[in-house]
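Each chain, letter by letter, is given below.
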Amino acid sequence: MTDLTDGVLHTLFRSEQGGHEQVVLCQDRASGLKAVIAIHSTALGPALGGTRFYPYASEDEAVADALNLSRGMSYKNALAGLDHGGGKAVIIGDPEQIKSEELLLAYGRFVASLGGRYVTACDVGTYVEDMDVVARTCEWTTGRSPEHGGAGDSSVLTAFGVFQGMRASAQHRWGDPSLRDRTVGIAGVGKVGHHLVEHLMEEGAQVVITDVREESVRRIIDRHPQVAAVADTEALIRTEGLDIYAPCALGGALNDGSVPVLTASVVCGAANNQLAHPGVEKDLADRGILYAPDYVVNAGGVIQVADELHGFDFERCRAKAAKIFDTTLSIFARAKEDGIPPAAAADRIAEHRMAEARRR
């Protein structure tokens, strides 16, 4: 038995991070597809979550990401009030090198084989046009283009929800939801981050950005010359005068190295799984840093794709995403009442909803 299998089995059956209902390893040699589909829970309904296409360093890392992301989707969907459980898929490889129509069609067939237990959508490395292809072999596909019966780019409402989470964080921390003249540092200005910049500029915030892709930074600076850019995330988190740090790239941004040097007093961003390990939330609290749980504030996108299954209406979705403001405030209040970090409070609320569903 390989080390990978040992690791997967330990996580699934013995780790506190396990409890997944189903994990599917998918391979199509003709197209080069290697994928992992993880279904964490269907207590509230069919598992819903995006497909990440990423050049993982190892298959072990890919499986671990799928497990973490799918678990996070269960909690995200529960707190968003959706009748969906949590699932996630990852496709292993560099999308710029191996993504093809044949590969996406093969992936769609694997999702379809689950018979609706998992509904897929876009994530890092996949786009609306990719979901249009996947949908040709899988009816349980969301995040499609309007031309193909979908809702289009879900990053628009994801960014809007994060913005609402920031406003709630400002209300809790400073007694005023306005972000005018607040300095916000955004790590990652891609699909979601660049929309978040627009909201903040309209609000009158001061914005500092960084991204591994120079073209992403240039797009922002060309449109908003007053936006400042720094070399990398290490420089961003040390920026003096930073009020809010918004991780909007990949997970693990809050870790043993970043938290001690973080200058911001609020963390609120779009990235999934921002806490590198469970102890990080206490480290943030010990430093007096307010953390808006990622899966609460970045739920705008999943609200949109879930609505697509029932006939998409943008204004209806926007109204639901606006409620992220109230949900975030309620989590901060619960955290204060129970004397626990916000992430733990959010977990308790989500777990209660899932437990209630299992009892019905």
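See the structure shown above.
Calculation criteria
- Residues numbered from 1 in each chain as written.
- Predicted model: local features only at pLDDT ≥ 70, side-chain atom pairs only at ≥ 80, totals over all residues.
- Heavy atoms only, no water.
- Helix = DSSP H or I, 4+ residues; strand = E, 2+ residues; numbered from the N terminus.
- Rg over C-alpha atoms; globule rule 2.2 N^0.38 Å.
- Buried < 20%, exposed > 50% of the residue type's maximum accessible area, 1.4 Å probe, protein only.
- Core = buried A, V, L, I, M, F, W, Y, C linked by side-chain atoms within 4.5 Å.
- Contact = heavy atoms within 4.5 Å.
- Expected span 1.5 Å × (residues − 1).
- Axes fitted to C-alpha atoms, helices over the stretch in contact; angles between N-to-C directions.
- Parallel < 35°, antiparallel > 145°, perpendicular 65-115°, else oblique.
- Left-handed = near helix turned anticlockwise from the far one by under 90°.
- Nonpolar A, V, L, I, M, F, W, Y, C, P; charged D, E, K, R; others polar.
- Phe/Tyr/Trp six-rings, centres within 6.5 Å; stacked < 30°, edge-to-face > 60°.
- Pairing = 2+ DSSP bridges.
- Right-handed = clockwise from strand over helix to strand, strands pointing away.

Asks: Just give me the short version of the overall build of the protein chain, but keep the residues and values in it.
Replies: The secondary structure content of the protein chain amounts to 15 helices and twelve strands. Against the compact-globule benchmark of 21 Å for 360 residues, the protein chain has a radius of gyration of 19 Å, which places it among compact chains. Overall, the protein chain is about 55 × 45 × 40 Å in size when its C-alpha atoms are taken along their principal axes. In the protein chain, which comprises 360 residues, the share counted as buried stands at 54%.

Asks: An account of the nonpolar core is needed here, citing residue identities and associated values.
Replies: Counting 41 residues, the largest nonpolar core has Met 166, Ile 186, Leu 196, Val 197, Leu 200 and Ile 209 as its most contacted members. Counting only elements with at least two residues in this core, the list comes to helix H6 (155-174), strand E7 (183-187), helix H7 (193-203), strand E8 (206-210), helix H8 (214-223), strand E10 (244-247), helix H12 (300-308) and helix H14 (324-338). At five residues, the largest contribution of residues to this core is made by H6. Ignoring anything within four residues of it in the chain, the contact list for Met 166 reads Leu 179, Val 184, Leu 196, Leu 200, Ile 244, Ala 246 and Cys 268. Judged by nonpolar contacts, the second largest core, of 23 residues, contains Cys 26, Ala 89, Leu 104 and Tyr 107.

Asks: So what about helix H2 (residues 59-79)? Which residues, and what values?
Replies: Helix length check: H2, at 21 residues, gives a terminal C-alpha distance of 30 Å against a target of 30 Å (1.5 Å per residue), a fit within 8%. Of all 21 residues in H2, 16 are buried; the element is thus mostly enclosed. Of the residues flanking the end of H2, it is Gly 81, one or two places downstream, whose phi is positive at about 75°.

Asks: I'd like a description of the packing of H6 against helix H13 (residues 314-322), backed by residues and values.
Replies: Contact pair H6 / H13: the axes reach a minimum separation of 9 Å and the direction vectors enclose 30°. By the angle class used here, H6 and H13 are roughly parallel. Between H6 and H13 lies a crossing whose hand is right-handed. Listed contacts from H13 to Val 156, Leu 157, Phe 160, Gly 161 and Gln 164 of H6 are Phe 314, Cys 317, Arg 318, Ala 321 and Ala 322. Among the residues making up the contact of H6 with H13, the classes are represented as seven nonpolar, two polar and one charged.

Asks: Account for the packing of aromatic side chains, with residues named and values stated.
Replies: For the structure on display, the rule yields three aromatic pairs. Plain terms: the ring middles of Tyr 75 and Tyr 295 are 5.7 Å apart, the flat faces sit at 65° to each other, and that makes the pair edge-to-face. Residue Tyr 75 is located in helix H2, and its partner Tyr 295 is located in helix H11 (residues 294-297); the two are separated by 220 residues in the primary sequence. In this structure, Tyr 75 and Tyr 295 share a single accessibility class: buried.

Asks: Lay out the pairing of E8 in plain terms, naming residues and giving numbers.
Replies: Taken across its five residues, E8 has four buried, putting it largely inside the fold. As defined by bridge partners, E7 adjoins E8 across five bridges and the pair is classed as parallel. In the sheet register, Val 184 faces E8, and the bridge partner there is Val 207. Regarding the hand of the β-α-β motif, the stretch spanning E7, H7 and E8 is right-handed. Pairing between E8 and strand E9 (residues 228-229): two bridges, direction parallel. Within the sheet, the bridge partner assigned to Ile 209 lies in E9 and is Ala 229. Running through H8, the crossover from E8 to the neighbouring parallel element E9 is right-handed.

Asks: Explain the environment of Arg 334 residue by residue, including any values.
Replies: Secondary-structure assignment places Arg 334 in helix H14. For the pair Arg 334 and Val 217, spaced 117 residues apart in the sequence, the C-alpha separation amounts to 38 Å. Discounting chain neighbours no more than four positions away, the residues touching Arg 334 are Ala 345, Arg 348 and Ile 349.

Asks: Tell me about unusual backbone geometry, residues and numbers included.
Replies: Within the chain, Asp 181 stands out as a residue other than glycine whose phi angle is a positive 70°. As for its placement among the helices and strands, Asp 181 is situated in the loop between H6 and E7. In this model, Asn 273 sits at a positive phi of 50°, which is unusual for a non-glycine residue. For Asn 273, a relative accessible area of 24% translates into the label partly exposed.

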